[in-house]
Amino acid sequence: MSVKIPRGTQDILPGQSEKWQYIESIAKEVCRRYHYKEIRTPIFEHTELFKRSVGDTTDIVQKEMYTFEDRGERSLTLRPEGTAAVVRSFVENKMFGIPDQPVKLFYTGPMFRYERPQSGRYRQFVQFGVEAIGSEDPAIDAEVIALVMDIYKSAGLKKLNLVINSLGDAESRNAHRAALIAHFEPRIGEFCADCQTRLAQNPLRILDCKKDRDHELMGTAPSILDYLNEESKTYFSKVTGYLDGLGISYTIDPKLVRGLDYYNHTAFEVMSEAEGFGAITTLCGGGRYNGLVQDLGGPDSPGIGFAFSIERFIAAMEAEGIKWPLDNGLDCYIVALGEEAKDRSVALVHQLRTAGLSADRDYQDRKMKAQLKASDRQNARFTAILGEDELAENRITVKDMAAGSQENVPLNELAQYVKTKMEAN
Ligand code: AMP
């Protein structure tokens, strides 16, 4: 029996991988404009990092991590998300000492969560995210939100809903927490076992429960917005005010709490409103995490960031029916007939490639007709045919596949000829 791909993972084959490259290139280009630089961190970290940052009571830490012991008996975990590692690196590399704060970073790479696979949910998925660490200016919250909306817009996505909320500062969260406990405690027996544990540990997370979503107490739960202190209220209205000024529309949803422990103040998600997108519509999640740098051993350095997965980005592009502006064609395919022509085509294809063109040839010793068909299948812009007659004259026949015309050019001018023709188009 052959070995199959693990559940919840996928192979990204040619034809698909170009879409990934396209989205990554847009995201990187937008980051360049907003002045965010790339950071690359390891794919595995000490398990402790995620326990301390993501939070012991979260689904990620309790149920979803790929944790293993290495040969030195250290507990390591394949990263389930990006923020924890970026903040660890910020602390470890003393980036808080850089004169220009916040430090603005982006990352991309695979994340791993042992979740129940379904459409839009994988066990290995690729996130693209940014973090701005070292400023508590509400303008940076607006910048980070504007950045992600800019990425979506640059790719052509339109059917989006930006949802935002404020989780407030520690004082506001504590007041809200007490109100949540008072609300749920009398009837907590009607909730799932997870929610019963959450009540004492982190009652905010009850609002995020997938099982008890429809319980009547969910709809009437106290809203965080009623517990924000003056400072938190001012902060939130600054952020929304900046967004208004930038013409970025949004919906305020007091029930948006986000799954991870480290968030405070601004929390946001971007949802797809495209028809037929599927059950899971969240494209991107982000928020502010003012205590996290300190929790991980650094100074008091407030941060904000977001992450989206490329998988759901591609799904949204397809649900909106956006045409992929991908150029998969080959510039030139060489058809060689006879032993000597085949030998010569080794150098010819190399010359085309060193001239910056994409070029290929036959490697299956096929007849002329089959080689021409291959050239067609590969969408070649030019087909260059080298037979005995051409060889005798040191020339080659070049067919312009789009125009349907052909010309006979000196062999040593092939690359220049194709290049000039391509540039003229
Ligand atoms: P989170 O870190 O859970 O807030 O997720 C941030 C974003 O990552 C989500 O909005 C999704 O776009 C994406 N994401 C999270 N989990 C998965 C998954 N299992 N499969 C694919 N994408 C995911």
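Conventions we followed
Residues numbered from 1 in each chain as written. Predicted model: local features only at pLDDT ≥ 70, side-chain atom pairs only at ≥ 80, totals over all residues. Heavy atoms only, no water. Near = heavy atom within 4 Å. Polar contact = N/O pair within 3.5 Å; in protein donor to acceptor, adjacent residues only side chain to side chain. Areas by Shrake-Rupley, 256 points an atom, 1.4 Å probe, with all protein chains shown as cover. Pairing = 2+ DSSP bridges. Helix = DSSP H or I, 4+ residues; strand = E, 2+ residues; numbered from the N terminus. Axes fitted to C-alpha atoms, helices over the stretch in contact; angles between N-to-C directions. 1 Å grid on protein atoms, 1.4 Å probe; cavity = no way out; pocket = protein on both sides within 12 Å on 5 of 7 lines; lining within 4 Å. Points joined across faces, edges and corners; volume = space filled by probe spheres on them. Patch = residues over 30% accessible without salt bridge, like charges linked within 9 Å, V, L, I, M, F, W, Y side chains within 5 Å. Salt bridge = Lys/Arg side-chain N within 4 Å of Asp/Glu carboxyl O. Lys, Arg positive; Asp, Glu negative; His and termini not counted. Charge placed at Lys NZ, Arg CZ, Asp CG, Glu CD. Buried < 20%, exposed > 50% of the residue type's maximum accessible area, 1.4 Å probe, protein only.

(A) Structural view of the site of the ligand. Contacts to the ligand come from 16 residues, most closely from R113, E115, Y122, R258 and L283. Residue E115 places a side-chain N or O atom 2.7 Å away from a nitrogen atom belonging to the ligand. Contacts to the ligand include S309, whose side-chain N or O atom sits 2.9 Å from a nitrogen atom. The fraction of the free accessible surface of the ligand (480 Å²) that becomes covered by protein chains is 91%.

(B) The sheet that holds strand β4 (residues 75-78), seen in detail. Strand order in the open sheet formed by three strands is β2-β4-β3, with antiparallel pairing between adjacent strands. Across the chains shown, the open sheet's two edge strands, defined by having one partner strand only, are β2 (44-46) and β3 (66-69). Each neighbouring strand pair of the sheet contributes to a mean axis angle of 35 degrees, computed without reference to strand direction. Pairing analysis gives four bridges linking β3 to β4, with the strands arranged antiparallel. Looking at the pairing, Y66 lines up with L78 of β4.

(C) Fine view of the layout of surface pockets. The computed volume of the second largest pocket comes to approximately 350 Å³. Mapped onto the lining of the second largest pocket, the elements with two or more residues apiece are α5 (138-154) and β7 (160-166). Tallying contributions element by element places α5 first for the lining of the second largest pocket, with four residues.

(D) Layout of a negative patch on the surface. Side chains of E339, E340, D343, E388, D389 and E393 sit close together on the surface and give a patch of like negative charge. Secondary-structure elements contributing two or more residues to the negative patch are α12 (339-354) and α14 (388-392). The element contributing the most residues to the negative patch is α12, with three residues. Within the secondary structure, E340 is located in helix α12. Overall, E340 belongs to the exposed group, its relative accessible area being 53%.

(E) Region of interest: the sheet that holds strand β16 (residues 405-410). With respect to topology, five strands assemble into an open sheet ordered β13-β12-β14-β15-β16, the strand pairing being mixed. Both outer strands of the open sheet, β13 (359-361) and β16, are each paired with one neighbouring strand and no more. Neighbour-to-neighbour, the strand axes of the sheet open up by a mean angle of 25 degrees, direction not taken into account. Relative to strand β14 (residues 382-386), strand β12 (residues 332-336) runs parallel, the two being bridged by five bridges. Within the sheet, the bridge partner assigned to I334 lies in β14 and is A384.

Structural measurements only, silent on function.
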